[in-house]
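Chain by chain, the residues run as shown.
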Amino acid sequence: MKCIILAGGLGSRLGPCTLSLSKQILPVYDKPMIYYSLSLALLAGLREILIISSPDHLPFYQKLFGNGQEFGLSLSYVQQNAPRGIAEAFILGEDFLAGQRACLILGDNIFYGHGLTDILQQAVQEVHNGARVFGYAVPSPREYGVLVFDKQGRAVGIEEKPKQPKSKYAVPGLYFFDKTVVERAKRLQPSARGELEITELNNSYIREGKLSVHLLGRGFAWFDTGNPDNLLDAANFIASVERNQGIKISCIEEIAFKNGWMSKEMLEKRCDKLKNSQYGQYLLSVLSESIASV
């Protein structure tokens, strides 16, 4: 399985911050927003990753991550010339996927919770003939794609921003798909707003009885950081957890190092590059602990 991170869009709800900068480069407390989505791929055990963004913004990510070798990853980049819908990511990423299964992560989504790694790795292991999405209870489901369940609790549909939601469960920007996802995306017709909708792609699996849903219960946090209030809430949450527990959330170097993808020498170079920041000091503590345990 390979991973696509969609970091496109205009970010208009965060203007004027996004007039000259990609939304997913904005800081969420102590790291760029895209670190949080990239960390999900690493926790899932995925090392081959494609980042999709606009022509103006793609150079930011290339400067930030390069080809990924610094982290023990393989990173590729593709332009999305205009925001034509989330599902277009699979058409743009067809050559990258090369017939393999796909994980799609939206670059402005943040997840945190105990057992998240197991949930991600389980999806990678189990999704071979179908798709998997997640459900998260929200107070205002009208703003999201919302799951519809039958009397037995099975998902029978997803409605995009319904005026009268049939459940409180929104579908976050984290999806796992089988090998048929590219061809399904190609068959989609643009919606009324001229986009290839991820909701309709997911519904194509539901109609065939091939979509499973994992509900994220209490103890999980999900943030869609597309507006100033949610961005601030996410930053405050991250800061609180990190200060109280003395850990870093979504520290991609730590994850890659513990996965065995970064050597101590590679981590030392990152420590030196970031030595004047709190983030760099944390990496140094990770390195020191690994040396002490030998």
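Only a predicted model underlies this, so the values are computations on that prediction, with no experimental measurement involved.

> Honestly, the packing of helix α1 (residues 34-43) against helix α2 (residues 58-65) in this entry has me stumped. Any pointers?
Between two packed helices, the angle of one axis relative to the other and the distance separating the axes together describe the packing. Where α1 contacts α2, the two axes come as close as 13 Å, and the packing angle between them is 60°. Between α1 and α2, the angle falls in the class oblique. Relative to α2, the crossing made by α1 is right-handed. The segment α1 lies against α2, with I34, Y35 and L38 engaging Y61, L64 and F65. Residue classes in the contact of α1 with α2 are distributed as 6 nonpolar, no polar and no charged.

> Just to check I follow, could you spell out the pattern of salt bridges for this structure?
For side chains bearing opposite charge, pairing can occur when the charged atoms are close. All chains considered together, the criterion is met by 22 salt bridges. Of the charged contacts in the structure, one is a salt bridge between E70 and R270, with a shortest N-O distance of 3.1 Å. Taken together, the positions of E70 in the loop between α2 and β5 (74-79) and R270 in helix α10 (residues 264-273) put the pair 200 residues apart, joining distant regions of the chain. Salt bridges linked by common partners bring D30, K31, E242 and K248 together as one network.

> Just checking my understanding: could you explain helix α5 (residues 116-126) for this structure?
Taken together, the buried positions of α5 are L116, I119, L120, A123 and V124. Down the axis of α5, the sector holding all buried residues measures 135°, keeping them to one side. Residues of α5 that are exposed and point more than 90 degrees away from the buried face comprise D118 and Q125. Where α5 is buried, its residues meet α1, β7 (109-112), β8 (131-137), β12 (174-177) and β13 (211-216).

About the thresholds
Residues numbered from 1 in each chain as written. Predicted model: local features only at pLDDT ≥ 70, side-chain atom pairs only at ≥ 80, totals over all residues. Heavy atoms only, no water. Axes fitted to C-alpha atoms, helices over the stretch in contact; angles between N-to-C directions. Helix = DSSP H or I, 4+ residues; strand = E, 2+ residues; numbered from the N terminus. Parallel < 35°, antiparallel > 145°, perpendicular 65-115°, else oblique. Left-handed = near helix turned anticlockwise from the far one by under 90°. Contact = heavy atoms within 4.5 Å. Nonpolar A, V, L, I, M, F, W, Y, C, P; charged D, E, K, R; others polar. Salt bridge = Lys/Arg side-chain N within 4 Å of Asp/Glu carboxyl O. Buried < 20%, exposed > 50% of the residue type's maximum accessible area, 1.4 Å probe, protein only. Arc of directions from axis to C-beta.

This is a description of form; function is not addressed.
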